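Coordinates in review
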Amino acid sequence: MGIKDQFQDKAQDLADKARQAAGSKKDEASERAAQGRDRAQQESDRAQQEAQDRFDQDYDA
C-alpha cells in the first residue's frame, strides 16, 4: 500500500465521519423541532381550555 492509498483511506474515513456527524445533528435538530411543536400545541390547548373555563364560569353565575 502506497502513501497515496493511505491518504485516500484517511480522507475517506474522515468524510464518512463527517457525514455521520451531520446526520446526527440533523436528527437532533429534527427532534428539537418536534418537541417545540408539541410544546406549542400543549400551550394552545391549555389556553383554549382556560378560555372555555372562564366562559363557563361567566354563564354559571
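Heads up: the structure comes first, above all this text.
The structure contained in this document is the topic of the report that follows. Remember, predicted model here, so these are calculated numbers, not experimental data. (Residues numbered from 1 in each chain as written. Predicted model: local features only at pLDDT ≥ 70, side-chain atom pairs only at ≥ 80, totals over all residues. Heavy atoms only, no water.)

1. Brief notes about a negative patch on the surface
A contiguous patch of negative charge, built from Glu50, Asp53, Asp56, Asp58 and Asp60, is present on the exposed surface. Here Asp56 lies in helix 1 (residues 3–60). (Patch = residues over 30% accessible without salt bridge, like charges linked within 9 Å, V, L, I, M, F, W, Y side chains within 5 Å. Areas by Shrake-Rupley, 256 points an atom, 1.4 Å probe, with all protein chains shown as cover. Salt bridge = Lys/Arg side-chain N within 4 Å of Asp/Glu carboxyl O. Lys, Arg positive; Asp, Glu negative; His and termini not counted. Charge placed at Lys NZ, Arg CZ, Asp CG, Glu CD. Helix = DSSP H or I, 4+ residues; strand = E, 2+ residues; numbered from the N terminus.)

2. Overview of the pattern of salt bridges
Under the counting rule described, the total for this entry stands at two salt bridges. Residue Asp16 pairs with Arg19 through a salt bridge whose shortest N-O separation is 2.7 Å. Of this pair, Asp16 and Arg19 both sit in helix 1, separated by three residues, roughly a single helical turn. Here Asp16 falls in the partly exposed class, since its relative accessible area comes to 29%. On the basis of relative accessible area, Arg19 is assigned to the exposed category, the value being 52%. (Buried < 20%, exposed > 50% of the residue type's maximum accessible area, 1.4 Å probe, protein only.)

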